[in-house]
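Spelled out from the first residue to the last, the chains are:
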Amino acid sequence: YRLNSDLEIESLLDYKYRVSNCICFPADGKTMFFCDTPTRKLYAFDYPQGTGDGKLSNRRLVWTMPPNLPGGPDGAQVDADGFIWMALSGAGRVVRVDPSDGRVDVVVH
């Protein structure tokens, strides 16, 4: 949800979700990352620019948490190089994900 330029609350997602998590933005603000924790999937969306009105668009899968790990994604941030650092609650680790290909290149235990 967001407060639009008319000071009205609007929904940005076009589908139902259960546990909103890992919402973060790169420095340019053009992309929003989002995870519905029970699905264990991280998505990227094009974020509307300009007045702040409009919906998210162009949903694409960035990364899926492997089934052999317990827990789920729980908080994320984008670093200065555009990589996503994501805490995996229950798995006892933080991973760095490359949003261009979903590759995990750093794991912190």
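A brief look at the structure comes next. (Residues numbered from 1 in each chain as written. Predicted model: local features only at pLDDT ≥ 70, side-chain atom pairs only at ≥ 80, totals over all residues. Heavy atoms only, no water.)

### Things to note about the pattern of salt bridges
Tallied over the full model, the rule gives four salt bridges. Residue Asp 46 pairs with Arg 60 through a salt bridge whose shortest N-O separation is 3.1 Å. Taken together, the residues span a long stretch of sequence, with Asp 46 in strand E5 (residues 41–46) and Arg 60 in strand E6 (residues 57–64) at a distance of 14 residues. Owing to a relative accessible area of 29%, Arg 60 belongs among the partly exposed residues under this scheme. Between Asp 101 and Arg 103 there is a salt bridge, with its nearest N and O atoms 3.6 Å apart. (Salt bridge = Lys/Arg side-chain N within 4 Å of Asp/Glu carboxyl O. Helix = DSSP H or I, 4+ residues; strand = E, 2+ residues; numbered from the N terminus. Buried < 20%, exposed > 50% of the residue type's maximum accessible area, 1.4 Å probe, protein only.)

### What to know about the nonpolar core
By size, the foremost hydrophobic cluster in this structure holds 18 residues, and its most contacted members are Phe 33, Leu 42, Val 62, Trp 63, Ile 84, Met 86 and Leu 88. Secondary structure elements with two or more residues in this core: strand E3 (20–24), strand E4 (31–36), E5, E6, strand E7 (72–78), strand E8 (84–89) and strand E9 (93–97). If you tally residues by element for this core, the top one is E8, at three residues. Not counting residues up to four positions away in its chain, the partners in contact with Leu 88 are Trp 63, Met 65, Leu 69, Gly 72, Pro 73, Arg 93 and Val 95. With six residues, the next largest nonpolar core counts Leu 12, Met 32, Tyr 43 and Leu 56 among its residues. (Core = buried A, V, L, I, M, F, W, Y, C linked by side-chain atoms within 4.5 Å. Contact = heavy atoms within 4.5 Å.)

### A short note on the side chain of Thr 37
As for its position among the elements, Thr 37 is in the loop between E4 and E5. Side-chain polar atoms of Thr 37 contact the side chain of Asn 21, separated by 3.1 Å. With sequence-adjacent residues up to four places away left out, Thr 37 is seen in contact with Val 19, Asn 21, Gly 72 and Pro 73. (Polar contact = N/O pair within 3.5 Å; in protein donor to acceptor, adjacent residues only side chain to side chain.)

### Section: the sheet that holds E8
Taken in spatial order, the four strands make up an open sheet running E7-E8-E9-E10, and their pairing is antiparallel. The sheet is open, and its two borders are formed by E7 and strand E10 (104–108), each paired with just one other strand. Across the sheet, the axes of successive neighbouring strands diverge by a mean angle of 25 degrees, strand direction being ignored. Bridging between E7 and E8 involves five bridges; their strand directions are antiparallel. Within E8, the residue paired with Val 78 across the bridge is Ile 84. (Pairing = 2+ DSSP bridges. Axes fitted to C-alpha atoms, helices over the stretch in contact; angles between N-to-C directions.)

All quantities given are derived from atomic positions and should not be read as evidence of function.
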